[in-house]
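Notes for the structure review
Read off the chains here:
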Amino acid sequence: MSHLIEPSRYSRYFTTSDGVKLHYRESGEGEPLLMLTGWTGDTSVYHRNYPTFSEHFKVYVLDFRFHGLSESPDYGMHVTRLAADVHELIEHLGHEKINLLGHSMGNAVIWAYIMLYGQDRINKIVHEDEPPCLSANPSWTAEEDDKWTGGAQRGNNYWTLVNWLEDSWETALGRFGEYFPPHAELPEPREYFYPEADPAAINPLTMDKHKHAMLLADHMTNDWRDVVPTIKVPTLLIGGLASHCTTPGSLGWMHENIKDSQVITFSPEEFGTHEMHLYNPEKFNRVVLEFLLQ
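A brief look at the structure comes next. (Residues numbered from 1 in each chain as written. Predicted model: local features only at pLDDT ≥ 70, side-chain atom pairs only at ≥ 80, totals over all residues. Heavy atoms only, no water.)

Quick notes on the pattern of salt bridges
Rules: Note on definitions: salt bridges are taken to be side-chain nitrogens of Lys or Arg within 4 Å of carboxyl oxygens of Asp or Glu. The secondary structure listing takes helices from DSSP runs of H or I that are at least 4 residues long and strands from runs of E that are at least 2 residues long, numbered from the N terminus. When a residue's accessible area, from a 1.4 Å probe over protein chains only, is under 20% of the maximum for its type it is buried; when over 50% it is exposed; and in between it is partly exposed.
By the definition in use, this model includes 15 salt bridges. A salt bridge links R81 to D18, with the nearest nitrogen and oxygen atoms 3.6 Å apart. Taken together, the positions of R81 in helix α2 (residues 79-93) and D18 in the loop between β1 (11-15) and β2 (21-27) put the pair 63 residues apart, joining distant regions of the chain. R225 is the partner of D223 in a salt bridge, and the nearest nitrogen-oxygen pair spans 2.7 Å. Residue class for D223 comes out partly exposed when judged on its relative accessible area of 33%. Judged by its relative accessible area of 24%, R225 falls in the partly exposed class. One continuous salt-bridge network, built from bridges that share partners, spans D18, R65, R81, D85 and E88.

Some details on the sheet that holds strand β7 (residues 235-240)
Formally: The criterion for strand pairing is that DSSP finds at least two bridges linking the strands in question. Working convention: axes come from line fits to C-alpha atoms, limited for helices to the stretch in contact. Angles between N-to-C directions cover 0 to 180 degrees. Throughout, a contact is declared for two residues whenever any of their heavy atoms are within 4.5 Å.
Spatial strand order, β1-β2-β4-β3-β5-β6-β7-β8: 8 strands in an open sheet with mixed pairing. Each end of this open sheet is capped by a strand with a single partner; those strands are β1 and β8 (261-266). Pairwise comparison of adjacent strand axes, ignoring direction, gives a mean angle of 20 degrees for this sheet. Strand direction decides the pairing type here: strand β3 (residues 31-36) and strand β4 (residues 57-62), joined by 6 bridges, are parallel. Bridged to P32 within β4 is K58. The strands touched by α2 within the sheet are β1, β2, β3, β4 and β5 (98-103), with β1 carrying the most contacts at an inclination of about 110 degrees. Contacting β7 and β8, helix α8 (residues 248-257) crosses the sheet at an angle of about 165 degrees to β8.

Remarks on the pairing of β8
Put simply, the rule reads: Viewed with both strands pointing away, a crossover whose connecting path from the first strand over the helix to the second turns clockwise is right-handed.
For β7 and β8, the ladder comprises 6 bridges, and the chain directions are parallel. Looking at β8, one finds that I238 is bridged to I264. Remark: the β7/α8/β8 crossover connection has right-handed handedness.

Observations concerning the nonpolar core
Rule in force here: The set of buried Ala, Val, Leu, Ile, Met, Phe, Trp, Tyr and Cys residues whose side-chain atoms join them within 4.5 Å is what this entry labels a nonpolar core.
In terms of nonpolar packing, the biggest core is built from 62 residues, with L34, L62 and V86 touching the most fellow members. Top contributing element to this core by residue count: helix α3 (residues 105-117), with 8 residues. Aside from chain neighbours lying at most four places away, what touches V86 is L34, L36, L62, F64, V109 and Y113. By size, the runner-up hydrophobic cluster in this structure holds 21 residues, among which are L33, Y50, M276 and V288.

Considerations on α3
This is how the line gets drawn: Take the residue count of a helix, subtract one, and multiply by 1.5 Å to get its expected span.
A rise of 1.5 Å per residue sets the reference length of α3, with its 13 residues, at 18 Å; its end C-alpha atoms lie 18 Å apart and thus fit the reference within 8%. Within α3, 10 of the 13 residues are buried, which leaves the element mostly enclosed by the surrounding structure. Those residues of α3 that fall on the buried side of the exposure criterion are M105, G106, N107, A108, V109, I110, W111, A112, Y113 and I114. Structurally, α3 contributes buried residues whose contacts are with β3, α2, β5, β6 (122-128), α7 (209-221) and α8. In the segment just after α3, G118 is the residue with positive phi, at about 80 degrees.

Re unusual backbone geometry
In this structure, F66 takes a positive phi of about 75 degrees despite not being glycine. As for its position among the elements, F66 is in the loop between β4 and α2. Phi at S104 takes a positive value of approximately 55 degrees, unusual for a residue other than glycine. Its place among the elements puts S104 in the loop between β5 and α3. Under the relative-accessibility criterion, S104 is labelled buried at 11%.

Structural notes on the packing of α2 against α3
For clarity, the cut-off: Throughout, the term roughly parallel applies to angles under 35 degrees, roughly antiparallel to angles over 145, roughly perpendicular to angles from 65 to 115, and oblique to all others. Each residue gets one of three labels, nonpolar for Ala, Val, Leu, Ile, Met, Phe, Trp, Tyr, Cys and Pro, charged for Asp, Glu, Lys and Arg, and polar for the others, Gly among them.
Direction vectors running N to C along α2 and α3 enclose 70 degrees, while the axes themselves pass 8 Å from each other. Between α2 and α3, the interaxial angle falls into the category roughly perpendicular. For the pair formed by α2 and α3, the contact residues are V79, T80, L82, A83, A84, V86, H87 and I90 on the first element and M105, A108, V109, A112, Y113, M115, L116 and Y117 on the second. For the contact of α2 with α3, a count of residues per class yields 14 nonpolar, 2 polar and no charged.

A closer look at the environment of N123
Worth spelling out the cut-off: Pairing of N or O atoms within 3.5 Å defines a polar contact, subject to two protein rules: one partner must be a possible hydrogen donor and the other a possible acceptor, and residues neighboring in sequence count only if both atoms are side-chain atoms.
If you trace the backbone, N123 turns up in strand β6. Here N123 falls in the partly exposed class, since its relative accessible area comes to 27%. It is 7.5 Å that separates the C-alpha atoms of N123 and P234, two residues lying 111 residues apart in sequence. Discounting residues that sit within four places of it in the chain, N123 has contacts with E31, K97, I98, N99, V233 and P234. Within polar-contact distance, the side chain of N123 engages the side chain of E31 at 2.9 Å. Engagement of the side chain of N123 in a polar contact is seen with the side chain of N99, the distance being 3.0 Å.

In C-alpha coordinates:
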(Lines give C-alpha, C1' and ligand atoms only; values in the text may rest on other atoms or scores of the structure.)
Protein backbone atom coordinates (compact mmCIF):
# COMPACT_ATOMS: atom_id res chain seq x y z
CA MET A 1 0.00 0.00 0.00
CA SER A 2 1.00 3.62 -0.45
CA HIS A 3 2.23 5.23 2.76
CA LEU A 4 4.27 8.30 1.76
CA ILE A 5 3.22 11.81 2.74
CA GLU A 6 6.30 13.91 2.02
CA PRO A 7 9.77 13.69 0.49
CA SER A 8 12.77 12.74 2.58
CA ARG A 9 16.38 13.79 2.18
CA TYR A 10 16.79 10.71 -0.03
CA SER A 11 14.06 11.79 -2.47
CA ARG A 12 14.82 12.45 -6.12
CA TYR A 13 12.61 13.14 -9.16
CA PHE A 14 12.73 12.80 -12.92
CA THR A 15 10.20 13.46 -15.70
CA THR A 16 9.19 10.77 -18.20
CA SER A 17 8.90 11.18 -21.95
CA ASP A 18 5.13 11.67 -21.59
CA GLY A 19 5.55 14.43 -19.02
CA VAL A 20 4.93 12.59 -15.72
CA LYS A 21 7.05 13.54 -12.70
CA LEU A 22 8.14 10.37 -10.87
CA HIS A 23 9.65 10.09 -7.41
CA TYR A 24 12.44 7.72 -6.45
CA ARG A 25 14.60 7.16 -3.40
CA GLU A 26 18.40 7.08 -3.62
CA SER A 27 20.89 5.99 -0.97
CA GLY A 28 24.23 4.25 -0.56
CA GLU A 29 27.23 3.86 -2.83
CA GLY A 30 28.50 1.16 -5.18
CA GLU A 31 26.97 -1.03 -7.87
CA PRO A 32 23.39 0.08 -8.64
CA LEU A 33 20.33 -1.82 -7.37
CA LEU A 34 16.86 -0.69 -8.49
CA MET A 35 13.99 -1.99 -6.33
CA LEU A 36 10.46 -2.15 -7.76
CA THR A 37 7.39 -2.45 -5.56
CA GLY A 38 4.18 -4.35 -6.00
CA TRP A 39 0.75 -2.97 -6.88
CA THR A 40 -0.12 0.03 -4.61
CA GLY A 41 3.34 -0.05 -2.98
CA ASP A 42 5.75 2.85 -2.62
CA THR A 43 9.34 3.36 -1.54
CA SER A 44 8.48 3.03 2.16
CA VAL A 45 7.58 -0.67 1.81
CA TYR A 46 11.32 -1.43 1.62
CA HIS A 47 12.20 0.52 4.77
CA ARG A 48 13.49 -2.69 6.41
CA ASN A 49 15.71 -3.49 3.43
CA TYR A 50 17.30 -0.44 1.85
CA PRO A 51 19.37 0.51 4.94
CA THR A 52 21.14 -2.88 4.75
CA PHE A 53 21.39 -2.92 0.96
CA SER A 54 22.74 0.65 0.97
CA GLU A 55 25.81 -0.57 2.86
CA HIS A 56 26.82 -2.43 -0.31
CA PHE A 57 24.98 -0.84 -3.24
CA LYS A 58 23.73 2.40 -4.71
CA VAL A 59 20.06 1.70 -4.01
CA TYR A 60 17.18 3.21 -5.91
CA VAL A 61 13.49 2.58 -5.12
CA LEU A 62 10.94 3.85 -7.64
CA ASP A 63 7.42 5.07 -6.96
CA PHE A 64 5.50 3.97 -10.05
CA ARG A 65 3.09 6.50 -11.55
CA PHE A 66 -0.13 6.58 -9.44
CA HIS A 67 1.95 5.47 -6.43
CA GLY A 68 3.60 7.20 -3.49
CA LEU A 69 4.96 10.65 -4.26
CA SER A 70 4.86 10.24 -8.04
CA GLU A 71 2.30 12.05 -10.17
CA SER A 72 -0.98 10.33 -11.01
CA PRO A 73 -1.96 11.10 -14.62
CA ASP A 74 -5.23 10.03 -16.21
CA TYR A 75 -3.46 7.61 -18.58
CA GLY A 76 -0.88 4.86 -18.54
CA MET A 77 -2.61 2.25 -16.35
CA HIS A 78 -0.60 -0.54 -17.97
CA VAL A 79 2.35 -2.68 -16.90
CA THR A 80 4.10 -1.89 -20.19
CA ARG A 81 3.93 1.86 -19.43
CA LEU A 82 5.48 1.20 -16.02
CA ALA A 83 8.22 -0.75 -17.80
CA ALA A 84 8.81 2.22 -20.10
CA ASP A 85 9.13 4.41 -17.00
CA VAL A 86 11.73 2.01 -15.59
CA HIS A 87 13.63 2.13 -18.88
CA GLU A 88 13.60 5.92 -18.82
CA LEU A 89 14.75 5.99 -15.19
CA ILE A 90 17.66 3.67 -16.03
CA GLU A 91 18.56 5.98 -18.92
CA HIS A 92 18.28 8.98 -16.57
CA LEU A 93 20.57 7.38 -13.97
CA GLY A 94 23.14 6.57 -16.64
CA HIS A 95 24.49 3.28 -15.26
CA GLU A 96 25.90 0.85 -17.80
CA LYS A 97 24.52 -2.14 -15.85
CA ILE A 98 21.97 -2.34 -13.06
CA ASN A 99 20.60 -5.00 -10.71
CA LEU A 100 16.81 -5.29 -10.53
CA LEU A 101 14.69 -6.47 -7.60
CA GLY A 102 10.94 -6.82 -8.01
CA HIS A 103 8.15 -7.69 -5.62
CA SER A 104 4.76 -8.92 -6.85
CA MET A 105 3.68 -6.71 -9.78
CA GLY A 106 7.22 -5.33 -9.85
CA ASN A 107 8.25 -8.67 -11.36
CA ALA A 108 5.75 -8.24 -14.18
CA VAL A 109 7.26 -4.82 -14.82
CA ILE A 110 10.70 -6.46 -15.08
CA TRP A 111 9.35 -9.05 -17.53
CA ALA A 112 7.74 -6.28 -19.60
CA TYR A 113 11.02 -4.35 -19.54
CA ILE A 114 12.90 -7.42 -20.80
CA MET A 115 10.33 -7.95 -23.56
CA LEU A 116 10.56 -4.33 -24.71
CA TYR A 117 14.18 -3.35 -24.07
CA GLY A 118 16.19 -6.56 -23.69
CA GLN A 119 18.67 -7.53 -20.99
CA ASP A 120 21.88 -5.77 -21.99
CA ARG A 121 21.59 -3.26 -19.13
CA ILE A 122 20.69 -5.87 -16.49
CA ASN A 123 23.35 -7.45 -14.26
CA LYS A 124 21.21 -9.69 -12.00
CA ILE A 125 17.52 -10.06 -11.13
CA VAL A 126 15.79 -10.85 -7.84
CA HIS A 127 12.14 -11.94 -8.19
CA GLU A 128 10.08 -11.97 -5.00
CA ASP A 129 6.83 -13.95 -5.06
CA GLU A 130 5.15 -13.69 -8.44
CA PRO A 131 4.02 -16.43 -10.86
CA PRO A 132 4.23 -15.87 -14.65
CA CYS A 133 0.49 -15.18 -14.93
CA LEU A 134 -2.41 -14.56 -12.56
CA SER A 135 -5.49 -15.62 -14.52
CA ALA A 136 -5.96 -19.29 -15.30
CA ASN A 137 -7.33 -20.64 -18.54
CA PRO A 138 -10.40 -22.75 -17.65
CA SER A 139 -9.02 -25.52 -19.87
CA TRP A 140 -5.85 -25.88 -17.76
CA THR A 141 -5.47 -28.82 -15.42
CA ALA A 142 -4.91 -28.23 -11.71
CA GLU A 143 -1.21 -29.06 -12.24
CA GLU A 144 -0.91 -26.50 -15.04
CA ASP A 145 -2.73 -23.89 -12.96
CA ASP A 146 -0.30 -24.52 -10.09
CA LYS A 147 2.88 -24.17 -12.14
CA TRP A 148 1.79 -21.16 -14.23
CA THR A 149 -0.36 -19.10 -11.83
CA GLY A 150 0.73 -20.52 -8.50
CA GLY A 151 -2.91 -21.48 -8.05
CA ALA A 152 -3.51 -17.83 -7.18
CA GLN A 153 -6.46 -17.26 -9.46
CA ARG A 154 -8.46 -20.17 -8.02
CA GLY A 155 -11.00 -20.16 -10.86
CA ASN A 156 -12.32 -16.68 -10.04
CA ASN A 157 -13.03 -14.10 -12.72
CA TYR A 158 -10.45 -11.32 -12.27
CA TRP A 159 -13.17 -8.72 -12.82
CA THR A 160 -14.62 -9.76 -9.46
CA LEU A 161 -11.63 -8.30 -7.62
CA VAL A 162 -11.41 -5.29 -9.94
CA ASN A 163 -15.09 -4.49 -9.40
CA TRP A 164 -14.70 -4.77 -5.62
CA LEU A 165 -12.00 -2.13 -5.91
CA GLU A 166 -14.16 0.09 -8.11
CA ASP A 167 -16.77 -0.15 -5.34
CA SER A 168 -14.38 0.92 -2.58
CA TRP A 169 -10.92 0.28 -1.16
CA GLU A 170 -12.56 -1.06 1.98
CA THR A 171 -14.53 -3.66 0.00
CA ALA A 172 -11.51 -4.77 -2.02
CA LEU A 173 -9.11 -4.99 0.92
CA GLY A 174 -11.70 -6.59 3.18
CA ARG A 175 -12.43 -9.36 0.66
CA PHE A 176 -8.95 -9.73 -0.87
CA GLY A 177 -8.38 -12.97 1.03
CA GLU A 178 -11.50 -14.49 -0.57
CA TYR A 179 -9.99 -14.01 -3.99
CA PHE A 180 -6.37 -14.77 -3.07
CA PRO A 181 -6.46 -17.15 -0.07
CA PRO A 182 -3.00 -17.91 1.37
CA HIS A 183 -1.57 -21.40 0.93
CA ALA A 184 -0.84 -21.92 4.64
CA GLU A 185 -1.34 -20.39 8.08
CA LEU A 186 1.31 -18.07 9.50
CA PRO A 187 2.45 -17.84 13.10
CA GLU A 188 1.33 -14.80 15.06
CA PRO A 189 2.76 -11.82 13.15
CA ARG A 190 5.58 -9.75 14.51
CA GLU A 191 5.27 -6.04 15.08
CA TYR A 192 6.52 -5.58 11.54
CA PHE A 193 4.27 -3.17 9.71
CA TYR A 194 5.55 0.37 8.86
CA PRO A 195 6.07 1.97 12.30
CA GLU A 196 9.49 3.30 11.27
CA ALA A 197 8.62 4.09 7.64
CA ASP A 198 10.36 7.14 6.20
CA PRO A 199 8.45 9.35 5.60
CA ALA A 200 5.51 8.81 7.99
CA ALA A 201 2.43 6.81 7.04
CA ILE A 202 -0.93 8.00 5.75
CA ASN A 203 -4.16 6.21 5.03
CA PRO A 204 -3.66 4.25 1.78
CA LEU A 205 -7.36 4.58 0.98
CA THR A 206 -6.68 8.09 -0.31
CA MET A 207 -5.30 6.68 -3.58
CA ASP A 208 -7.34 6.86 -6.78
CA LYS A 209 -9.16 3.52 -6.74
CA HIS A 210 -10.24 3.66 -10.40
CA LYS A 211 -6.67 4.05 -11.69
CA HIS A 212 -5.45 1.26 -9.46
CA ALA A 213 -8.39 -0.91 -10.51
CA MET A 214 -7.50 -0.44 -14.19
CA LEU A 215 -3.82 -1.13 -13.51
CA LEU A 216 -4.78 -4.27 -11.58
CA ALA A 217 -7.01 -5.42 -14.46
CA ASP A 218 -4.11 -5.00 -16.89
CA HIS A 219 -1.70 -6.75 -14.54
CA MET A 220 -3.99 -9.74 -14.01
CA THR A 221 -4.61 -10.31 -17.72
CA ASN A 222 -0.94 -10.45 -18.74
CA ASP A 223 0.78 -13.77 -19.41
CA TRP A 224 4.58 -13.77 -19.19
CA ARG A 225 5.21 -17.47 -19.88
CA ASP A 226 6.81 -16.63 -23.21
CA VAL A 227 9.16 -14.03 -21.67
CA VAL A 228 10.39 -15.94 -18.61
CA PRO A 229 12.38 -18.53 -20.64
CA THR A 230 14.21 -15.73 -22.47
CA ILE A 231 15.92 -14.53 -19.27
CA LYS A 232 19.67 -15.03 -19.60
CA VAL A 233 21.03 -13.12 -16.61
CA PRO A 234 21.54 -14.65 -13.14
CA THR A 235 18.19 -14.73 -11.36
CA LEU A 236 17.11 -15.41 -7.78
CA LEU A 237 13.54 -16.66 -7.32
CA ILE A 238 12.16 -16.08 -3.81
CA GLY A 239 8.82 -17.60 -2.83
CA GLY A 240 6.72 -17.80 0.33
CA LEU A 241 5.12 -21.13 1.12
CA ALA A 242 2.32 -19.33 2.98
CA SER A 243 1.84 -16.80 0.18
CA HIS A 244 -1.27 -16.47 -1.97
CA CYS A 245 0.89 -16.32 -5.12
CA THR A 246 3.83 -18.62 -5.76
CA THR A 247 3.94 -22.34 -5.00
CA PRO A 248 6.76 -24.90 -5.27
CA GLY A 249 5.20 -25.76 -8.64
CA SER A 250 5.36 -22.23 -10.04
CA LEU A 251 8.83 -21.63 -8.62
CA GLY A 252 9.97 -24.94 -10.09
CA TRP A 253 8.60 -24.07 -13.53
CA MET A 254 10.40 -20.71 -13.56
CA HIS A 255 13.61 -22.31 -12.27
CA GLU A 256 13.48 -24.93 -15.03
CA ASN A 257 12.93 -22.25 -17.66
CA ILE A 258 15.52 -19.69 -16.48
CA LYS A 259 18.86 -21.34 -17.16
CA ASP A 260 20.93 -19.39 -14.61
CA SER A 261 18.53 -19.30 -11.66
CA GLN A 262 18.35 -20.19 -7.99
CA VAL A 263 15.31 -20.75 -5.74
CA ILE A 264 14.92 -19.72 -2.09
CA THR A 265 11.71 -20.43 -0.18
CA PHE A 266 10.46 -19.12 3.15
CA SER A 267 8.44 -21.60 5.21
CA PRO A 268 5.29 -20.54 7.08
CA GLU A 269 7.37 -20.60 10.28
CA GLU A 270 9.75 -18.14 8.59
CA PHE A 271 6.83 -15.81 7.79
CA GLY A 272 6.90 -16.93 4.16
CA THR A 273 3.99 -14.80 3.04
CA HIS A 274 3.73 -12.55 -0.02
CA GLU A 275 5.85 -9.80 1.57
CA MET A 276 8.91 -11.58 2.93
CA HIS A 277 10.93 -8.37 2.75
CA LEU A 278 8.63 -7.09 5.52
CA TYR A 279 7.81 -10.21 7.51
CA ASN A 280 11.33 -11.64 7.67
CA PRO A 281 13.75 -8.90 6.59
CA GLU A 282 16.69 -10.63 8.30
CA LYS A 283 16.56 -13.68 6.04
CA PHE A 284 15.39 -11.71 3.00
CA ASN A 285 18.27 -9.23 3.22
CA ARG A 286 20.77 -12.01 3.81
CA VAL A 287 19.77 -14.19 0.84
CA VAL A 288 19.52 -11.21 -1.51
CA LEU A 289 22.96 -9.95 -0.54
CA GLU A 290 24.50 -13.43 -0.80
CA PHE A 291 23.12 -13.69 -4.34
CA LEU A 292 24.03 -10.19 -5.51
CA LEU A 293 27.53 -10.21 -4.01
CA GLN A 294 28.58 -13.69 -5.15
